[in-house]
Amino acid sequence: LNGSYVRPQMFLCSVGGLSWVAYLWFVKRTNPWPSSPVLLPEDEQDISKNFGVGSIEDAAHVAGKSTREFRRLSSSSNVLDQRALIDSALSSEAPLRVMEIAARRRSSMSEPIDGGIPQNPIQDRGAARGGTIRRGTAKTSLETMLVAMNGHGSFGGKAEPLIQYIFSPIGPPNDPRRIVLCKSIFSPILSCAEAYGTILEMREENEDGKIMTAAACGVFHPGSLEEGSVMKTGSDRYYWSLMSSGAAPMFMDRNFCGGEKPLQRFAALKQDSQWDNKRKERGRIWYIGCLGTHPLYQGKGHARRLLDVVAIWAKRDGVDCYLECAAENVSFYEKCGYRVAWKEIINIVGEDTVSVYGMARDCK
C-alpha cells in the first residue's frame, strides 16, 4: 500500500548493485583482468605446433604479430580472424622466422651427448649377397633418401606413395620445389637420427669404384622418442635438428607449395592418422623413422637386410619393431615379418582417399 513494498525492494536492489560494483572494483584492483584471452596450456601447445614452434610467444613471432594480438586472433570465433591467422602461418616469411627461433634456441642449448646412444653391434645375415652395412650420417644418407622418397633424377624410380600423395599437386618429381620440400622433411629427421638414434647404410661400390650409399634407414631405440615423436615440435631436439640440417620448413610457405592443396594433404595425413599418439601408446619400441633404397640398387634385398639388423637389436631388447607405411608397401613389410597393427583412411572432401598403415614386427 502506498508503495510500502516498492521502497524496500528499491533500497535492497540499490545496496546489492553497489555491492557488486565495489566487489568488481576490488577484484580488478587486486587481480587485474588479463589484457588478452587466456588459453589453457594444452591449447597453447596445439596452436603453437601449427606454427612449427613450441610456445605462443614464438608462434606470434612466426605470424609476425604481437603476442596480445595473436592470442586474440587464436581465441576468436570470427571467421575473418581465423583466416588472418591461417594466412600468417602460411606466409613466405614463416619458414625463415621458425629458423630464427631455432637459431636463438640453439645458442643456449648443449650439443647431444656423445655416447648417449647405444653402439649396437651390426649383425648382417645377408653379407654374402654383397654390399656392406655401416653406421651412416645425415650427410652421407640424405641424397639416397631424397631420391628414394621423391623419385627424382633419371634413375627409373618412383616416389614413395604418401610423398606422392602430398606433393603431386606441385608437379612431377623433378620439380625443384618438390626436391626442396622433401629435403625440408627428411633432412631434419636424418640429423635427428644421427644425433639421437642410429642411421644404418648399405654401401656398395659403383662402376667407377666409388663407394655409394645404396640404402639408408633412420632408427630410434626404445625410450628415445619424445612423447611418441621423433622430435617434438618446440623441443630442444627439434630446434637442434632444424639448425643441424639447415633445412627451413618450406612446407609452411603456401606460395612455394603452389597453393593450399599440398598443405591440406600434409596436415590431414599427420592429424588424422595420429601416429605420434599411436607410437606413444605402444611404449618401448625400435622405431624405423625412414627407410629408402636408391632406384639403382632396388631389388637386391638391401632394405630387408637393414630391417633385419634392427630386428636383431629388438629381439635382444625384448621389444617390437614398428613403422608406418602406405597401402602399396604393406605386402613388402609383411614379407619382412611385419603385421598390420592399425589402418587409417585419410579422406579430404572432394579427393580420393589414401590409407596409412602402422606395421609391427614381434621380435620378443
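Everything here concerns the structure above.
Below: a short report on this structure. Note that this is a predicted model, so its numbers are computed, not measured.

Below, the discussion takes up the packing of aromatic side chains. Applying the stated criterion to the full structure yields eight aromatic pairs. On the numbers, 5.1 Å between centres and 65° between planes, the contact of Tyr 238 with Tyr 239 is edge-to-face. Assigned by exposure class, Tyr 238 and Tyr 239 land together as buried. Seen in terms of ring centroids, Tyr 333 and Tyr 338 are 5.9 Å apart; in terms of plane orientation they differ by 75°. Their pairing is edge-to-face. Pair check on accessibility: Tyr 333 and Tyr 338 agree, each one buried. In this structure an aromatic cluster arises from ring pairing among Phe 332, Tyr 333 and Tyr 338. Across from the ring centre of Tyr 165, 4.9 Å away, lies the NZ or CZ of Arg 265, which sits over that ring.

Glancing now at the packing of helix H9 (residues 176-196) against helix H10 (residues 236-245). At a minimum axis distance of 8 Å, the contact between H9 and H10 shows a crossing angle of 115°. As far as their axial angle goes, H10 and H9 are roughly perpendicular. In this structure, the crossing between H9 and H10 has a hand that is right-handed. Seen from H9, the contacting residues are Ser 187, Pro 188, Ser 191, Cys 192, Ala 195 and Tyr 196; seen from H10, they are Arg 237, Trp 240, Ser 241, Leu 242, Ser 244 and Ser 245. For the contact of H9 with H10, a count of residues per class yields six nonpolar, five polar and one charged.

Moving on, we get to the pattern of salt bridges. Applying the stated criterion across every chain, the model contains 21 salt bridges. For Arg 105, the salt bridge is made with Asp 236, and the minimal N-O distance between the two is 2.7 Å. Taken together, the positions of Arg 105 in helix H6 (residues 94-106) and Asp 236 in helix H10 put the pair 131 residues apart, joining distant regions of the chain. Arg 105 sits in the partly exposed class, given a relative accessible area of 26%. In this structure, the salt-bridge partner of Glu 344 is Lys 278, at a minimum N-O distance of 3.4 Å. Residue Glu 344 is found in strand S6 (residues 339-346), and its partner Lys 278 is found in helix H12 (residues 275-282); the two are separated by 66 residues along the sequence. When salt bridges that share partners are traced, they join Arg 83, Asp 87, Arg 254 and Glu 260 into one network.

Glancing now at the nonpolar core. Grouped together as the largest cluster of nonpolar side chains are 69 residues, with contacts concentrated most on Phe 51, Val 53, Val 62, Phe 70, Phe 167 and Phe 186. For this core, the element with the highest residue contribution is H9, accounting for 10 residues. Setting aside anything within four residues of it in sequence, one finds Phe 51 in contact with Ala 59, Val 62, Ala 63, Phe 70, Leu 85, Ser 88, Ala 89, Val 98 and Met 252. Ala 215, Tyr 297, Ala 303 and Cys 321 belong to the second largest nonpolar core, which has 30 residues in total.

This part covers the packing of helix H4 (residues 67-75) against helix H5 (residues 79-89). Contact geometry for H4 and H5: axes closest at 8 Å, N-to-C directions at 120°. The angle between the axes of H4 and H5 places the two elements in the oblique class. Judged by the twist between their axes, the crossing of H4 over H5 is left-handed. Where H4 approaches H5, its residues Phe 70, Arg 72, Leu 73 and Ser 74 are matched on the opposing element by Asp 81, Gln 82 and Leu 85. Split into classes, the residues belonging to the contact of H4 with H5 amount to three nonpolar, two polar and two charged.

Looking now at the environment of Pro 121. Counting through the fold element by element, Pro 121 comes out in the loop between H6 and strand S1 (132-135). Between the alpha carbons of Pro 121 and Ile 312 there is a distance of 9.6 Å; along the sequence they are 191 residues apart. Ignoring anything within four residues of it in the chain, the contact list for Pro 121 reads Arg 135, Trp 313 and Arg 316.

Parameters and conventions
Residues numbered from 1 in each chain as written. Predicted model: local features only at pLDDT ≥ 70, side-chain atom pairs only at ≥ 80, totals over all residues. Heavy atoms only, no water. Phe/Tyr/Trp six-rings, centres within 6.5 Å; stacked < 30°, edge-to-face > 60°. Buried < 20%, exposed > 50% of the residue type's maximum accessible area, 1.4 Å probe, protein only. Lys NZ or Arg CZ within 6 Å of the ring centre and 35° of its normal. Axes fitted to C-alpha atoms, helices over the stretch in contact; angles between N-to-C directions. Helix = DSSP H or I, 4+ residues; strand = E, 2+ residues; numbered from the N terminus. Parallel < 35°, antiparallel > 145°, perpendicular 65-115°, else oblique. Left-handed = near helix turned anticlockwise from the far one by under 90°. Contact = heavy atoms within 4.5 Å. Nonpolar A, V, L, I, M, F, W, Y, C, P; charged D, E, K, R; others polar. Salt bridge = Lys/Arg side-chain N within 4 Å of Asp/Glu carboxyl O. Core = buried A, V, L, I, M, F, W, Y, C linked by side-chain atoms within 4.5 Å.

Remember, this is a structural readout, not a statement about activity or role.
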